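Residue-level structural notes
The primary structure of each chain is shown beneath.
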Amino acid sequence: MRNFGFCDKWIRWMKACISLTSVSVLVNGAPTEEFQPQKGLRQGDPFLPFLFIIAAEGLNLLLARAKVHGLFRGAIICSNDVSVSHLQFADDTIIFCKGDNEDILNIKRVLRWANPRKQSTWNPVVQKVKKKLSSWKRKLLSYVGRLTVIKAVLGNLPIYFLSLFRMPKSVVKALDKLQSSFLWGGNVNKRKMHLVKWKEITKSKSQGGLGVRDLGEVNECLLLKWWRRIKVGNGGRIRFWQDKWLNNRDLQVQFPRLYSLSTEKEETLQQISAKKNNLGLWQLKFRRQLFVWEIEELQILMDLLETSTLVTSDNVDSCS
């Protein structure tokens, strides 16, 4: 409720309605002593629909945002390729996705309100690598075999997820540690001497390395796919929200909530870029203060803007 802008006083009232209520049960027509429910609201409580609407709206916004970012596609219906990601009726929700592990995992992250900046969000990825690089497999393989397994495991990572979110350095370090331990024979209790630095191993074979991909660099390269199509010059011809200048999609579609709140819908990239502060940070303006979940969406947009092509005063905008 705080994310939707409810004040603390109102939230305390709502908690009091839930936690301080007492009920009585009729037994043979006679009421029993009152007691407090321990499992939330009773069925049919008149207060329940209001709380459900708040929760359902939050889920609706999360699923819509996940679909915009391509975490799952939904179902295509009709000849006009209408995409339906989910349906809600009363207290029932149907989510449409492909029947593969990647879509299921992304939907689970949405339902958990996952934050890609938190290390806990990436735990399934770390555990997947840890499971595949188990110590008993290493004992049966030569160094060449271990390298082959490492490369195969890296190829099975959720690449599309890496292309959307920046992986925390702590996660990259944890995955590198798992790979190096698998290669050189170490474990949690005993660390063997590493004959070569991991940084050298991740170099290409032509540079004297072993060709193992550096996950941090892979993540950065996948994020660079958003730089394409429109060649940014001085930004005078590009409408910031409505043109496909950043990731081959206009920002009003990718961030519909922020666009609806913006007071700069018709301004160009040049005009908005000129408003950067002394530190070079973008200063977008909205008609009201953003809620917490909207601030998180704004941060995702800011991360994309930080990796965008710089606006130059010398060249005009063009299409490639």
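Residues numbered from 1 in each chain as written. Predicted model: local features only at pLDDT ≥ 70, side-chain atom pairs only at ≥ 80, totals over all residues. Heavy atoms only, no water.

1. Overview of helix 10 (residues 215-223)
Those residues of helix 10 that sit buried are L215, V218, N219 and L223. Buried positions in helix 10, seen along its axis, are confined to an arc of 135 degrees and lie on one side of it. Across from the buried face of helix 10, at angles greater than 90 degrees, the exposed residues are E217 and C221. Capping of helix 10 at its N-terminal end is provided by D214; its side-chain oxygen lies 2.9 Å from the backbone amide nitrogen of G216. (Buried < 20%, exposed > 50% of the residue type's maximum accessible area, 1.4 Å probe, protein only. Helix = DSSP H or I, 4+ residues; strand = E, 2+ residues; numbered from the N terminus. Arc of directions from axis to C-beta. Polar contact = N/O pair within 3.5 Å; in protein donor to acceptor, adjacent residues only side chain to side chain.)

2. Observations regarding the pattern of salt bridges
Under the counting rule described, the total for this entry stands at six salt bridges. Across the pair D243 and R239 runs a salt bridge, and its minimum N-O distance is 3.4 Å. Note that R257 and E294 form a salt bridge whose closest N and O atoms lie 3.0 Å from each other. Separated by 37 residues along the polypeptide, R257 in helix 12 (residues 256-261) and E294 in helix 14 (residues 292-306) bring together distant segments of the chain. Looking at R257, the relative accessible area reads 30%, which means it is partly exposed. (Salt bridge = Lys/Arg side-chain N within 4 Å of Asp/Glu carboxyl O.)

3. A few points about helix 3 (residues 101-111)
Along helix 3, the residues that are buried comprise D103, N106, I107, R109 and V110. Across the axial projection of helix 3, the buried residues extend over an arc of 155 degrees, all falling on one side.

4. Section: the environment of I104
You can see I104 is positioned in helix 3. Among the residues examined, I104 registers a relative accessible area of 40% and is labelled partly exposed. Each C-alpha atom, one on I104 and one on F72, is 8.5 Å from the other, the two residues being 32 residues apart in sequence.

5. A short note on the packing of aromatic side chains
This structure, assessed with the given rule, holds five aromatic pairs. Ring geometry for W10 against W13: centres 5.9 Å apart, planes inclined by 55 degrees, an arrangement best described as tilted. A residue pair is termed a helical-turn pair when its members lie 3 or 4 positions apart in one helix, as W10 and W13 do in helix 1 (residues 8-19) at three residues. The exposure class assigned to W13 is partly exposed, which follows from its relative accessible area of 45%. Site record: aromatic cluster; members linked through ring pairs are F240, W241, Y259 and W282. Above the face of the Y143 ring, R146 is positioned so that its terminal group lies 5.0 Å from the ring centre. Against the face of Y259 rests K265, its NZ or CZ located 5.5 Å from the ring centre. (Phe/Tyr/Trp six-rings, centres within 6.5 Å; stacked < 30°, edge-to-face > 60°. Lys NZ or Arg CZ within 6 Å of the ring centre and 35° of its normal.)

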